Amino acid sequence: MRLTLLLILALAVTVLLALFPEIARQTLHIQAFGWVFETHQGAFVVALLVILFVAGLLRALIAALLAGPGQIWATLRMGGRKRREVRLREAIAQWLDMRGDLGARTLRRSRGIVPEWTLSMLNVLSVPSKDQALPEADADPLVTALAARVATDPAAHPKPDIATRKAHLEAWLAASPGAPLAVMRLADLAEEEEDWSKAIHALERIQQLGFRSSHSIRPRLATAYARLAAEKPDQALSNLRKAARLAPENEAIALALGNTLLKQGQDREAVKLWWEYLENYDSFAIARHLLLQIRSQAMQEYRRLEKRDTGKLNPALRWLTAELANAAKLEGIAREQMQALADAHHCPEALQSLGDWLSKSGDSARAAEYYRQAAEQLTRRLDKPAAVV
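Reading guide: rules and limits
Residues numbered from 1 in each chain as written. Predicted model: local features only at pLDDT ≥ 70, side-chain atom pairs only at ≥ 80, totals over all residues. Heavy atoms only, no water. Helix = DSSP H or I, 4+ residues; strand = E, 2+ residues; numbered from the N terminus. Buried < 20%, exposed > 50% of the residue type's maximum accessible area, 1.4 Å probe, protein only. Contact = heavy atoms within 4.5 Å. Core = buried A, V, L, I, M, F, W, Y, C linked by side-chain atoms within 4.5 Å. Salt bridge = Lys/Arg side-chain N within 4 Å of Asp/Glu carboxyl O. Axes fitted to C-alpha atoms, helices over the stretch in contact; angles between N-to-C directions. Left-handed = near helix turned anticlockwise from the far one by under 90°. Nonpolar A, V, L, I, M, F, W, Y, C, P; charged D, E, K, R; others polar. Expected span 1.5 Å × (residues − 1). Patch = residues over 30% accessible without salt bridge, like charges linked within 9 Å, V, L, I, M, F, W, Y side chains within 5 Å. Areas by Shrake-Rupley, 256 points an atom, 1.4 Å probe, with all protein chains shown as cover. Phe/Tyr/Trp six-rings, centres within 6.5 Å; stacked < 30°, edge-to-face > 60°. Lys NZ or Arg CZ within 6 Å of the ring centre and 35° of its normal.

Caption draft 1: Spatial organisation of the overall build of the protein chain. Scanning the protein chain from terminus to terminus reveals 21 helices and 2 strands. Scored against the burial criterion, the 389 residues of the protein chain give a buried share of 34%. When contacts within the protein chain are restricted to residue pairs at least 6 apart in sequence, those whose partners lie at least 24 apart make up 45%.

What follows is the structure, encoded as C-alpha cells:
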C-alpha cells in the first residue's frame, strides 16, 4: 500500500515537472559538513522518490525472505491478503450458487492458500448422493468420511444402492475406526436389510459410544432382538428375554415371550410374566391371553383380585376381573362390574364381552345393541389422534 502511494506521488511530481520545466531546471544548492552539493530541482526530487521506492521495495523483499520462499510466491501470484480472501469468497459463492464453472478456476488459483483437502471436500459436496464414487484407498480420511456421509444421508433421494452405501461405510470406518455417525448409519443399513445380528452389534456399539441416548436406542435394540428371535427359533427364548429387559412396556414382545415360554412348558413363568405386565401396563391383548391360562382357577384368581381397590386397577385388569367372575359362575357380579367398566371408560372390550354373554344366554336383541356400541367406541378410538409425547 505504501509503495503504491509512493508511485502515485512520483507520477504526480513527474507530471508537474513536465508541465513547468523552468521550475525543474532551477539550481538547488545543498551545503552540509563543508560539502556543497549542486543540482537541478527536478532531478533531485525524482532521485529522492526513487530512493524511497527502492528502500520500500527492499524492505518488503527482506520481510518476504524471512517469511519463507513459499510466501513470496503466494504474494506474487495472488496479491495481498485481502485480495486473496475476496477471490476465495468469489469461488465459494460460485460453488454454492452453482454458477459458471463452480469456482473451479479461482479455486485452482487458491492452491497453496487453502489446503488441498479443502478443495477435495468441496468437490465431494458438489456431487449428489446417488453419484458419490467410492474414494481411492489412499484418499484423505476427511474426504472419505465426507463422501460416505453424503452417500448414506437418510434424507437423500434417490439413494445409492445398498452395496454402494455399505462400501462407503466400510471405507469410512476403515479411515476413522469407531466413528459414531458411521456406526449409526451402519445400524440403519442393517435394519433396512433386515440383518438383525449386524443391527444388534451396531446398536450396542452406539450405546457404548454414548452417541445416542438409551431412550432412543433401547426400543430399536429390543425390536432387533425380537426379530432375530423370530428368525432363529432355537435362540428365541434368550433373545426375547433380552428384548423384554430393554423394552418392558412393549406389548408384542411380552406376548411373544409368554407364548414362547408356554411352548417350552414353562406355563407358570408365562402366567407370572403376564401378571407382572398387567400390573404395570394396560393391555387387553395380554389380559385375554392370561385369561386362557387361568380360567381353570377362575374363582381363586377372582377372589384375589376382588380384594383390591377397583379404582387402582387399570381397565385391562378390571376387564379380567369381570371375566373371571363370569367364568366362576358369578354372572350377576360379572355383568355389574363389566357394565361399570363400559360406562366409566367407554370401553369397547367391555361392551364386546357383555354382548357375548347376552348372546350365549339367548338375548340376541340386547347382544346386538352391545355389539353396535362396541363397534362405535372402537371406531372412535381408532379415529382419535395419537397423543404427542
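There is more to say, and it comes next.
Caption draft 2: Spotlight on the nonpolar core. Ranked by size, the top nonpolar core spans 39 residues in total, and within it Trp275, Leu278, Leu290, Trp319, Leu320, Leu324 and Met338 carry the most contacts. Of all the secondary structure elements, the ones that give two or more residues to this core are α14 (251–263), α15 (267–280), α16 (284–294), α17 (298–306), α18 (315–327), α19 (331–345), α20 (348–360) and α21 (364–383). With sequence-adjacent residues up to four places away left out, tryptophan 319 is seen in contact with Phe284, Ala287, Arg288, Leu291, Met338, Leu341, Glu349, Ala350 and Ser353. Of all hydrophobic cores here, the second largest spans 28 residues; its members include Trp196, Ala222, Ala244 and Leu246.

Caption draft 3: Here's a closer look at the pattern of salt bridges. All told, the structure shown has 14 salt bridges when counted by the stated rule. A salt bridge links glutamate 369 to arginine 372, with the nearest nitrogen and oxygen atoms 2.5 Å apart. In this pair, glutamate 369 and arginine 372 are both assigned in helix α21, 3 residues apart and thus about one turn of the helix distant. The exposure class assigned to glutamate 369 is partly exposed, which follows from its relative accessible area of 33%. On the basis of relative accessible area, arginine 372 is assigned to the partly exposed category, the value being 39%. Via salt bridges that share partners, Asp188, Glu191 and Arg220 belong to a single interconnected network.

Caption draft 4: The packing of α19 against α20, seen in detail. Packing of α19 against α20 leaves a shortest axis separation of 8 Å and a crossing angle of 145°. Crossing geometry of α19 relative to α20 is assigned as left-handed. Of α20, the residues touching α19 (which contributes Ala334, Arg335, Met338, Gln339, Leu341 and Ala342) are Ala350, Leu351, Ser353, Leu354, Trp357 and Leu358. Partitioned by chemical class, the residues of the contact of α19 with α20 number 9 nonpolar, 2 polar and 1 charged.

Caption draft 5: Here's a closer look at α20. Here α20 is 13 residues long and its end C-alpha atoms lie 18 Å apart, about the 18 Å a rise of 1.5 Å per residue gives. Among all positions in α20, only Pro348, Glu349, Ala350, Leu351, Ser353, Leu354, Gly355, Trp357 and Leu358 are buried. On its buried face, α20 is in contact with α16, α18, α19 and α21. Glycine 362 occupies a position one or two residues after α20 and carries a positive phi of about 95°.

Caption draft 6: Focus on a nonpolar patch on the surface. Side chains of Val46, Val50, Val54, Leu57, Leu58, Leu61 and Ile62 sit close together on the surface and give an oily, nonpolar patch of about 570 Å² of accessible area. Its place among the elements puts valine 50 in helix α3 (residues 41–67).

Caption draft 7: Region of interest: the packing of aromatic side chains. This structure, assessed with the given rule, holds 2 aromatic pairs. Residues tyrosine 277 and tyrosine 281 carry aromatic rings whose centres are separated by 5.0 Å and whose planes lie at 45° to one another, so their mutual orientation is tilted. Here tyrosine 277 falls in the buried class, since its relative accessible area comes to 7%. A centroid spacing of 6.2 Å and a plane angle of 80° characterise the contact between phenylalanine 284 and tryptophan 319, whose relative ring orientation is edge-to-face. Separated by 35 residues along the polypeptide, phenylalanine 284 in helix α16 and tryptophan 319 in helix α18 bring together distant segments of the chain. Using a relative accessible area of 11% as the deciding quantity, one classes phenylalanine 284 as buried. Cation over ring: arginine 288 sits above tryptophan 319, and NZ or CZ is 5.7 Å from the ring centre. The aromatic ring of tryptophan 275 is capped on one face by arginine 304, whose charged end is 4.4 Å from the ring centroid.

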